[in-house]
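# Descriptive analysis of the structure
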Amino acid sequence: MTPVIIAIDGPAGAGKGTLARCLAASLGLPYLDTGLLYRAVGRLVLDAGGDPTDPLAAGAAMVSLRPTDLDRSDLRGPLADAAAAAVAAIPGVRTGLLAFQREFASRDGAVLDGRDIGTVIFPDAIAKLFVTASLRERARRRWLELGTQGLDTDIATVEADMKQRDDGDSARAAAPLREADDCFRLDTSEMDAEAAFQSALSFVRSRLAGRR
C-alpha cells in the first residue's frame with residue numbers, strides 16, 4: 001500500500017510544527033520538521049564564516065549536512081532564522097534537500113511540515129494542510145517563544161522580521177510559499193493548540209477514510 005503522507009505548510013509562527021508533531025503521534029507516523037534542514041545548513045555556513053546568501057557556501061554546507069546537525073541547540077533565534085531564509089531561497093539547496101525529504105517518507109509514510117511540502121515535495125500527499133494565522137498573532141507567539149529561550153527582543157522587531165520572512169518566502173523563485181489547490185486551510189489565529197489539532201485530525205481522518 002502507498003505510504004501515508006501528510007503535508008503541512010504555512011508561514012512561521014502559525015503553529016504548524018506543534019500540529020504536525022501531534023498528528024504524527026496520533027497517527028503513528030514518523031515526523032520531519034523540514035525547516036530544520038535549512039536551519040542546519042544555514043548554521044553550518046555561519047560556522048564556516050561564510051555568507052548564507054552565497055550559493056557556493058550554502059551548497060558546500062548542504063553536502064556536509066549530517067542527521068546529528070538537526071539536533072543542534074542553536075537552530076532557533078533571529079540569526080538562525082535569517083540564515084535559514086537565505087539558504088532556503090537558493091534553488092540548488094532546495095533541490096539537494098528534496099531527495100532527503102522524499103526518502104524519509106518513502107517507506108513508512110510521514111507527517112512533514114515546511115513551506116513547499118504539498119506543492120513541491122509531495123504534491124500527491126493524501127492530506128495537505130495550510131496552517132496560517134494573522135501576522136500579529138504569529139509575531140506574538142514567536143516573541144513569547146524567544147522569551148522562554150532567554151532572548152530579549154521587542155515584539156515590533158519580531159513582527160517586522162516575520163513580515164520580511166513572509167515576503168521573501170512568498171516571492172522567491174524556488175518553491176515559493178503558497179497554498180496547494182487541494183489543501184485544507186486552517187487559520188489558528190483564535191485557536192489554541194488542542195482546537196487546531198482536533199480540526200486538523202478530523203480533516204486527515206476524512207481523507208484517510210476516503211482512501212480505503
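Residues numbered from 1 in each chain as written. Predicted model: local features only at pLDDT ≥ 70, side-chain atom pairs only at ≥ 80, totals over all residues. Heavy atoms only, no water.

## Some points on the layout of surface pockets
- In this structure, the largest pocket occupies an estimated 700 Å³ of space.
- Lining the largest pocket we find 36 residues, and of these Gly 13, Gly 15, Lys 16, Gly 17 and Arg 142 sit closest to its centre.
- Those elements that provide at least two residues to the lining of the largest pocket are α1 (16–27), α2 (35–47), α4 (78–88), α5 (91–105), β3 (110–114), α7 (135–148) and α9 (193–211).
- Here the second largest pocket defines a volume of roughly 290 Å³.
- Taken together, 16 residues line the second largest pocket, and the ones lying closest to its centre are Pro 78, Asp 81, Asp 161, Met 162 and Arg 165.
- Every element with two or more residues in the lining of the second largest pocket is listed here: α4, α7 and α8 (155–171). (1 Å grid on protein atoms, 1.4 Å probe; cavity = no way out; pocket = protein on both sides within 12 Å on 5 of 7 lines; lining within 4 Å. Points joined across faces, edges and corners; volume = space filled by probe spheres on them. Helix = DSSP H or I, 4+ residues; strand = E, 2+ residues; numbered from the N terminus.)

## Quick look at the nonpolar core
- One finds Ile 6, Ile 8, Leu 19, Leu 23, Val 111, Leu 129 and Val 204 to be the most contacted residues of the largest nonpolar core, which totals 22 residues.
- Elements supplying a minimum of two residues to this core: β1 (5–9), α1, β4 (127–132) and α9.
- Among residues more than four places away in sequence, those in contact with Ile 6 are Leu 27, Leu 29, Ala 110, Val 111, Leu 112, Ile 126, Ala 127, Leu 129 and Val 204.
- Core analysis: the second largest hydrophobic core is formed by 19 residues, Ala 40, Val 41, Ala 84 and Leu 97 among them. (Core = buried A, V, L, I, M, F, W, Y, C linked by side-chain atoms within 4.5 Å. Buried < 20%, exposed > 50% of the residue type's maximum accessible area, 1.4 Å probe, protein only. Contact = heavy atoms within 4.5 Å.)

## Side note on the packing of aromatic side chains
- Scanning all chains against the criterion turns up one aromatic pair.
- Ring geometry for Phe 184 against Phe 203: centres 4.8 Å apart, planes inclined by 15°, an arrangement best described as stacked. With Phe 184 in strand β5 (residues 184–187) and Phe 203 in helix α9, this residue pair connects regions lying 19 residues apart in the sequence. (Phe/Tyr/Trp six-rings, centres within 6.5 Å; stacked < 30°, edge-to-face > 60°.)

## Remarks on the packing of α2 against α4
- Close contact between α2 and α4 brings their axes to 8 Å; oriented N to C, the two are set at 100°. Judged by the angle between their axes, α2 and α4 are roughly perpendicular. Taking contact as the criterion, the partners of Tyr 38, Arg 39, Val 41, Gly 42, Arg 43, Val 45 and Leu 46 in α2 are, on α4, Leu 79, Ala 80, Asp 81, Ala 83, Ala 84, Val 87 and Ala 88.
- Here the contact of α2 with α4 is composed, by residue class, of 10 nonpolar, one polar and three charged. (Axes fitted to C-alpha atoms, helices over the stretch in contact; angles between N-to-C directions. Parallel < 35°, antiparallel > 145°, perpendicular 65-115°, else oblique. Nonpolar A, V, L, I, M, F, W, Y, C, P; charged D, E, K, R; others polar.)

## Topic: the confidence of the model for the chain
- Averaged over all residues, the pLDDT of the chain equals 92, while 100% of them reach at least 70.
- Mean pLDDT values for the elements of the chain range from 90 in α4 up to 98 in β4. (pLDDT = per-residue confidence, 0-100.)

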